[in-house]
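Descriptive analysis of the structure
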Amino acid sequence: MEDDNNIDFHQKLLSIDEKLELEDLESLKFLCSDLITPKNIEGIKSAHQLFQKFMDEDLLNKEDCFLVAELLFLIKQHYLLQNIGYTKEKVVKELSTKGKISSYRVMLYNLSEEVTKDDFEYIKFLMHKDIPKPLTSFLSLLRHMEKQELLSENNLEMLVKVCQPLSSNLTKRINQYKNEKKEKKLSVASGTAESSQKAFAKESTEEAEQYMMGHRHRGHCIIFNNFQFLTMGFREGSCKDAGELRSVFEWLGFTVTIHDNTTKDEMERILTQCRTNPEHKDSDCFVCCVLTHGESGSVFSSDEKSIAIYDLTSYFMAHRCPGLMDKPKLFFLQACQGMDMQESVPLEADARNANISPPAPKKIPQRCIPKEADFLLGLATVDGCCAIRNKIKGSWYIQALCHQLKRLVPRQEDILTILTVVNDEVSQQADVEGKMKQMPQPAFTLRKRVIFPVPLDAPPPSKENCLTLE
């Protein structure tokens, strides 16, 4: 019986390991680097190896797995807490008495979450004499600074110096830690039992500001995948996008239907059938993705008839689709919105003298969604500009959207935060010659945060220079 319990416990830890990415492991190793010697941490290549090291050090066993719960809580992998019998609320309640991660380590980790790629490059430039070139993350930089005795719990001067020019929030976080440390009110998580309760109250308030996602059926996701037209170019790579979207939204609990090469009449019939679907009443959300050619404010059907984006979204207004009233309705469109090309501009170019400047968006996509609440429209590009698609890998926008949903939904990030990261990922891409660029643009009337829960029994979606314009 004892052996069975041990096997069950180890299986739970392995199931957590399977869902963590490499950057999650690096975060875990950093956070617990005060508990395990640096030499032992260096050789750890997986989360289950780290958990085994905890057990070797008597920090973890089947009766007390709070350390793992604390670490998952700190890296915002809240959905994995259920694997070991914890919830966010339970972790917050027990942090002040059971927490093992130092407030110093938590402060540094939170700083790393706020430091952007550009910030990191700036810091590396400032400290180029003190750090080796191979460092690839802010956490690795912090570890190196500690090894060189440039950083410690009582030596934060260098850290303040490099963070000060970047953001007042970074220095504010450091100074807050220093002040709380002086007042001796810090605990591992938030300082005192009272502040832990405040943190819990804050989280409860944040949860109240989320759209409900408690139905057994998450909702319907329809995908219009138009890749073959009468005279317009064949949209090679579009099926790659459609497949990725299906994989991700099925993973999120949606019933996904793909409609290939639909005419305008067929699209209108499908939208009408969808808005009258009685299953909306027992669902949380609705998603519609359109992959096609387009022009300013509209998209094309496979018979090359123009359909206004506003007309697509307005099918699901409350008076026309009462089953989705007060529920989020999300639209993602991979289609050109004009013929202009967003061209790359060197960051060091002076704006007054630069030869190339990106075209300003001619109109705001807010005109494409109803003026009532609970809509979100994610456009692959700003108005008047082209959207780029790789014939083999799929479009920049849809691939980035799917990648970031897979990466950030498990961290309980909301959809607007995810779309901001998508914007950043797409904006950093360019064609082989470095000339073509793209910037997506969302518009929304959401009243609350959209945070997708990940079904525990759902497997993660599968992982899977020929650029063309939509």
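In the block above lies the structure referred to throughout.
One structure accompanies this document, and this report is about it. Just so you know, these numbers come straight off a predicted model, no measurement behind them.

The next point concerns the side chain of Asn 226. Take Asn 226: it is sitting in the loop between strand S1 (217–225) and helix H13 (238–251). Residue classification places Asn 226 among the buried positions, given a relative accessible area of 0%. A distance of 3.3 Å separates a polar atom in the side chain of Asn 226 from the backbone nitrogen of Asn 261. If we ignore the near neighbours within four places in the chain, the residues touching Asn 226 are Arg 235, Ser 238, Asp 260, Asn 261, Thr 262, Met 267, Leu 291, Thr 292, Phe 300, Ser 301 and Ser 302.

Further remarks concern unusual backbone geometry. Positive phi values are uncommon outside glycine, yet Asp 58 reaches one of about 60°. Residue placement: Asp 58 occurs in the loop between helix H4 (47–56) and helix H5 (66–74). In the Ramachandran plot, Glu 149 falls in the positive-phi region, its phi being about 60° despite a non-glycine side chain. Here Glu 149 shows up in the loop between helix H9 (138–147) and helix H10 (157–163).

Once that is clear, we can look at the pattern of salt bridges. Under the defined criterion, the tally for this structure stands at 18 salt bridges. Measuring nitrogen to oxygen at the nearest pair gives 3.6 Å for the salt bridge that ties Glu 121 to Lys 124. Residue Glu 121 and its partner Lys 124 are located together in helix H8 (residues 117–126), separated by 3 residues, close to a single helical turn. Relative accessible area serves as the criterion here: at 46%, Glu 121 is assigned to the partly exposed category. Note that Arg 447 is salt-bridged to Asp 374, the shortest N-O span being 2.8 Å. Highlighted residues: Arg 447 in the loop between strand S13 (441–444) and strand S14 (467–469) and Asp 374 in the loop between strand S8 (342–343) and strand S9 (375–379), separated in sequence by 73 residues. Accessibility expressed as a relative area gives 45% for Arg 447, which makes it partly exposed. What you see here is one network of salt bridges that share partners, running through Glu 23, Asp 24, Arg 407 and Arg 411.

What follows is about the state of the cysteines. With the rule as written, the count across this model stands at 0 disulfides. Sulfur of Cys 274: no disulfide; nearest cysteine sulfur belongs to Cys 321 and is 7.1 Å away.

Our focus in this paragraph is the packing of aromatic side chains. Throughout the structure, instances matching the rule amount to 11 aromatic pairs. Summarising the aromatic geometry, the rings of Phe 51 and Phe 54 are spaced 6.4 Å apart at their centres and angled 40° between planes, so their arrangement reads as tilted. Linking Phe 51 with Phe 54, this pair stays in helix H4, spanning 3 residues, or about one helical turn. Like Phe 51, the residue Phe 54 is buried in the burial classification. The interplanar angle of 80° and the centroid separation of 5.7 Å between the aromatic rings of Phe 254 and Phe 452 together place this pair among those described as edge-to-face. A residue pair is termed long-range when its members are at least 10 positions apart, and Phe 254 in strand S2 (residues 254–260) and Phe 452 in the loop between S13 and S14 qualify at 198 residues. You'll find Phe 254 and Phe 452 in the same group, each marked buried. Three or more aromatic residues joined by ring pairs form one cluster here, namely Phe 249, Phe 254, Phe 332 and Phe 452. Lying over the aromatic face of Phe 375, Lys 329 brings its terminal NZ or CZ to 5.2 Å of the ring centre.

So, on to the pairing of S1. Across the 9 residues that make up S1, a large majority, 9, are buried. One ladder, built from 8 bridges, connects S1 with strand S3 (residues 283–291); its direction is parallel. Paired with Ile 222 across the strands is Cys 288, a residue of S3. Where the polypeptide runs from S1 across H13 and back to S2, its parallel neighbour, the crossover connection is right-handed.

Rules and cut-offs
- Residues numbered from 1 in each chain as written.
- Predicted model: local features only at pLDDT ≥ 70, side-chain atom pairs only at ≥ 80, totals over all residues.
- Heavy atoms only, no water.
- Helix = DSSP H or I, 4+ residues; strand = E, 2+ residues; numbered from the N terminus.
- Buried < 20%, exposed > 50% of the residue type's maximum accessible area, 1.4 Å probe, protein only.
- Polar contact = N/O pair within 3.5 Å; in protein donor to acceptor, adjacent residues only side chain to side chain.
- Contact = heavy atoms within 4.5 Å.
- Salt bridge = Lys/Arg side-chain N within 4 Å of Asp/Glu carboxyl O.
- Disulfide = S-S within 2.5 Å.
- Phe/Tyr/Trp six-rings, centres within 6.5 Å; stacked < 30°, edge-to-face > 60°.
- Lys NZ or Arg CZ within 6 Å of the ring centre and 35° of its normal.
- Pairing = 2+ DSSP bridges.
- Right-handed = clockwise from strand over helix to strand, strands pointing away.

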